Amino acid sequence: MTTHGYRTHDCNYLRKIDIGKTVTLAGWVNVTRDHGGVIFIDLRDREGLTQVVFRPEESAELAKRSHSLRSEDVIQVTGRVAPRLPGTENPKLPTGDIEVLPSEMSILNKAHDLPFQIDTDIHNEDLRLTYRYFDLRRPQLARNLRMRHAVTKATRDYLDSQGFIEVETPILSKSTPEGARDFLVPSRLTPGKFYALPQAPQQYKQLLMVGGVEKYFQIAKCFRDEDLRADRQPEFTQIDIEASFVRPEDIYALTEGMLAAIFKAARKIDIKLPFDRLTYREAVGKYGSDKPDRRFGMELVDLGEDFRASSFKVFRGALDAGGVVKAINAKSFALLTIGQSDELTEIAKTFGAKGLAFIKVEGGEWKSPIVKFFSDAEKNALKTKLNVEEGDLILFAADKWEVATEVLGRIRLRIAEMQKLIVDLTKLDFLWVTDFPLLQFSAEENKWNAVHHPFTRPKAEDVALLDEEKFSEVRAEAYDVVLNGVEIGGGSIRIHEPDLQDKMFGVLGISPQDRQSMFGHLLRAFQLGAPPHGGIAMGLDRLVMLVCGEESIRDVMAFPKNNRGMDLMSQSPADVDPRQLRDLGIKLAAGDARAPSGKESPPKK
RNA sequence: GGAGCCUUAGCUCAAUUGGUUAGAGCGCCGCCCUGUCACGGCGGAGGUUGCGGGUUCGAGCCCCGUAGGCUCCGCCA
């Protein structure tokens with residue numbers, strides 16, 4: 001970018017070759033080193049640092065004024081590029097061979113008392129979020145923003161190269177019954193009615209396929225009114241992709257190519273293609289999770305065959321009831337603390353186990369309350385299958401498949417944290433999880449819900465099961481892409497036939513009237529020449545988080561909200577003027593909502 | 001809705017496990033310092049230990065409650 005007046009170069013530009021030039025720089029005072037006589041300033045802009053030196057013998061007046069400079073003042077200096085005195089060069093700085101001797105200096109903006117220092121660690125996230133615009137100057141956040149840009153740019157470039165076009169879809173949209181709670185927007189022009197902010201552009205992207213777009217993508221804002229987490233914000237961004245006349249293989253190849261382009265652009269690394277694939281049954285059976293972290297071992301081992309006729313009632317009973325017996329071997333963890341042991345038991349109970357059976361191998365002995373019930377054959381089976389050695393801790397779960405796998409999966413992850421098993425933090429383990437179940441029974445609602453969403457296609461060979469009402473066995477043409485135990489994207493091939501879609505709505509317990517009022521447009525669209533189609537949505541925030549090595553998506557968003565969904569900087573959500581509510585035909589319920597309390601914010605103009 | 005951890009100066013943290021006047025570094029203010037690069041030196045200001053209650057001769061520390069923050073479960077793909 002050319003600059004007119006404010007500066008001639010950025011703060012990471014000048015080198016030896018520029019010595020003698022007269023330049024103008026502008027930026028923030030990073031640090032001052034005031035020697036009483038000579039004063040050094042590290043001037044910072046987003047590109048880097050340049051040392052500026054004020055010397056009384058060059059300009060007494062300037063040197064005097066420079067004493068008042070403090071960190072984060074914004075200044076502009078014009079001066080001569082000079083070599084540093086021999087022996088005072090700074091090899092740590094790219095500009096460390098030179099310095100600027102100003103003949104002019106103006107303070108563009110004075111920084112008053114700082115809420116915290118830019119160059120020190122700060123853990124008070126409350127304070128950081130309140131002064132987010134200030135926190136963004138810290139190198140780490142500045143880097144994250146640029147990394148995010150590199151990711152979205154690589155995404156757009158790659159998808160463009162594959163013939164995809166970016167299409168925007170509405171933010172003011174329609175509430176749908178399935179999925180997360182919607183954010184609602186009252187309509188002034190149709191009082192009493194509401195828009196909903198989109199949880200994802202799902203229906204729109206399918207309708208774009210009906211519209212003949214064939215290859216669509218969008219870097220799309222999505223909104224879900226649910227509780228927050230380190231990796232969940234009420235508004236977040238998806239890389240949303242949909243294509244016509246595709247099979248899962250097409251989506252896999254496209255996604256892998258895109259991720260390769262992203263990691264190449266952002267991190268200059270080549271990721272290994274193609275990704276491994278696990279079915280949902282394999283992933284959960286082996287790792288106790290549908291988003292397995294395979295950067296460490298400790299896999300779940302199935303012991304059903306070995307204990308089918310066991311005299312140990314707990315195991316035998318679980319198997320007789322159609323359940324499973326599984327175990328993990330936490331290598332060299334026999335000496336865990338009481339606290340750790342209690343915590344693991346607590347996890348087991350939280351996720352539905354009655355208890356947590358264990359064997360500690362100490363001094364050549366199997367220390368365990370249950371081992372006395374095992375036959376020699378059973379012990380030998382354990383020893384072989386679990387590779388039991390001195391110092392190991394074996395943990396068992398005997399329950400329904402779903403419970404036993406989840407319990408051990410959660411414990412596996414916690415033990416990996418306790419033992420710090422993930423040593424290589426640069427490792428990237430991508431994989432596909434395929435063949436998800438289509439439906440899941442909700443005991444709470446006493447009905448079947450879509451695991452993915454209601455538009456997901458059942459696998460062709462499982463459609464018959466749908467008619468037989470064997471809902472738990474129906475697999476979906478759906479897939480997730482997982483990186484290091486984090487689900488970074490998911491998608492499916494969709495239903496494009498009105499009768500199949502209608503059948504699906506029926507299974508989900510949506511009445512014929514509701515189908516028409518809520519999805520009539522979609523069903524009609526499917527009667528006007530709908531191509532087979534499918535796609536995927538990638539969680540951009542989570543992806544960038546992993547690219548940056550961060551542990552929270554808040555650190556890769558410019559202006560995130562805190563745990564309670566509040567923006568501490570702008571103090572939103574906030575009261576609104578009563579007139580705004582009146583225009584919308586909204587009355588706050590007395591007592592419940594924090595209705596007008598006398599102390600209101602002044603009316604907006 | 002539930003569980004865990006946390007809350008001491010503007011920031012990051014200490015406080016000998018219940019003992020006299022709550023300290024340090026950075027930052028801030030003042031003075032000194034002409035080659036530093038986390039410059040240095042001397043001095044100073046800055047605290048209702050989140051808030052409320054209790055136990056005790058005595059509480060930053062123990063107990064109860066409460067607020068806020070973060071992490072997790074529920075919830076959410």
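Keep in mind the model is a prediction, meaning the values are calculated, not measured. (Residues numbered from 1 in each chain as written. Chains lettered and ligands numbered in written order. Predicted model: local features only at pLDDT ≥ 70, side-chain atom pairs only at ≥ 80, totals over all residues. Heavy atoms only, no water.)

### Let's talk about helix α14 (residues 498–507)
Every buried residue of α14 is accounted for by Leu500, Gln501, Met504, Phe505 and Val507. Along the axis of α14, the buried residues cluster in a sector spanning 160 degrees; they form a single face. Here the buried face of α14 lies against β18 (439–442), β19 (447–450), α13 (463–467) and α15 (512–525). Of the residues one or two after α14, Gly509 is the one with positive phi, at around 80 degrees. (Buried < 20%, exposed > 50% of the residue type's maximum accessible area, 1.4 Å probe, protein only. Helix = DSSP H or I, 4+ residues; strand = E, 2+ residues; numbered from the N terminus. Arc of directions from axis to C-beta. Contact = heavy atoms within 4.5 Å.)

### Some details on the sheet that holds strand β9 (residues 215–223)
Pairing within the open sheet is mixed, and its 8 strands lie in the order β6-β9-β10-β22-β21-β20-β17-β11. In this open sheet, the two edge strands, each paired with only one partner strand, are β6 (165–166) and β11 (276–279). Pairing analysis gives 4 bridges linking β11 to strand β17 (residues 430–434), with the strands arranged parallel. Residue pairing for β17: Arg277 is matched across the bridge by Trp432. Sitting on the sheet, helix α4 (residues 139–161) touches β6, β9 and β10 (235–244), and the angle it makes with β9 is about 150 degrees. Helix-sheet contacts for helix α16 (residues 540–548) involve β9, β10, β20 (478–483), β21 (486–493) and β22 (533–539), and the interaxial angle to β10 is about 110 degrees. (Pairing = 2+ DSSP bridges. Axes fitted to C-alpha atoms, helices over the stretch in contact; angles between N-to-C directions.)

### Focus: the side chain of Ser368
Mapped onto the fold, Ser368 is located in the loop between β15 (365–367) and α11 (376–385). From its side chain, Ser368 meets the backbone oxygen of Phe358 in a polar contact 2.7 Å long. At a separation of 3.0 Å, a polar atom in the side chain of Ser368 contacts the main-chain amide nitrogen of Ile370. Leaving out residues up to four positions away in the same chain, Ser368 has contacts with Phe358 and Ile359. (Polar contact = N/O pair within 3.5 Å; in protein donor to acceptor, adjacent residues only side chain to side chain.)

### Things to note about the confidence of the model for chain A
Confidence in the prediction for chain A averages 93 pLDDT; 97% of positions are at 70 or higher. This stretch, residues 592–605, has a pLDDT under 50; its non-local contacts, to residues over four places away or in other chains, come to 12 contacts. (pLDDT = per-residue confidence, 0-100.)

### Thoughts on α4
Compared with an ideal rise of 1.5 Å per residue, which puts 23 residues at 33 Å, α4 spans 33 Å between its outermost C-alpha atoms and is within 8% of the ideal. Looking at the buried residues of α4, the elements they touch are α2 (125–130), α3 (132–135), β9, β10, α6 (248–267) and α16. (Expected span 1.5 Å × (residues − 1).)

### Some remarks on the packing of aromatic side chains
In the structure shown here, the tally under the stated rule is 23 aromatic pairs. Here Phe116 and Phe134 contribute two aromatic rings whose centre-to-centre distance is 5.2 Å and whose plane-to-plane angle is 70 degrees, an arrangement assigned as edge-to-face. Here Phe116 is found in the loop between β5 (98–109) and α2, whereas its partner Phe134 is found in helix α3, with 18 residues between them in sequence. Each member of the pair, Phe116 as well as Phe134, is classed as buried. Here Trp448 and Phe471 contribute two aromatic rings whose centre-to-centre distance is 5.6 Å and whose plane-to-plane angle is 65 degrees, an arrangement assigned as edge-to-face. (Phe/Tyr/Trp six-rings, centres within 6.5 Å; stacked < 30°, edge-to-face > 60°.)

### Re the packing of α14 against α15
Running from amino to carboxyl end, α14 crosses α15 at an angle of 155 degrees, the nearest separation of the two axes being 11 Å. Here α15 runs roughly antiparallel to α14, going by the angle between their axes. Pair α14 / α15 crosses with right-handed handedness. Side by side, α14 and α15 meet where Pro498, Gln501, Asp502, Phe505 and Gly506 of the first sit next to Arg515, Phe519 and Leu523 of the second. Its residues placed into classes, the contact of α14 with α15 shows 4 nonpolar, 2 polar and 2 charged. (Parallel < 35°, antiparallel > 145°, perpendicular 65-115°, else oblique. Left-handed = near helix turned anticlockwise from the far one by under 90°. Nonpolar A, V, L, I, M, F, W, Y, C, P; charged D, E, K, R; others polar.)

### Section: the nonpolar core
Core analysis: the largest hydrophobic core is formed by 57 residues, its most contacted members being Ile328, Phe333, Leu344, Leu395, Ile411, Ile415 and Leu439. Each of domain 2 (141–278 + 429–556) and domain 3 (296–418) contributes no fewer than three residues to this core. With residues near it in sequence (within four places) discarded, Leu344 still touches Phe333, Leu336, Leu356, Leu395, Ile411, Arg414, Ile415 and Met418. Grouped together as the second largest cluster of nonpolar side chains are 44 residues, Val151, Tyr252, Phe275 and Tyr479 included. (Core = buried A, V, L, I, M, F, W, Y, C linked by side-chain atoms within 4.5 Å. Domains from an automatic or database assignment.)

### Topic: the sheet that holds strand β13 (residues 324–330)
Sheet architecture is open: 5 strands sit in the order β12-β13-β16-β14-β15, paired in antiparallel fashion. Every interior strand has two partners, whereas the edge strands, β12 (301–302) and β15, have only one. When β12 meets β13, the two strands line up antiparallel, connected through 2 bridges. Considered in β13, the bridge of Asp302 is made with Lys326. Relative to strand β16 (residues 393–399), helix α9 (residues 313–320) is tilted by about 40 degrees, and along the sheet it contacts β13 and β16.

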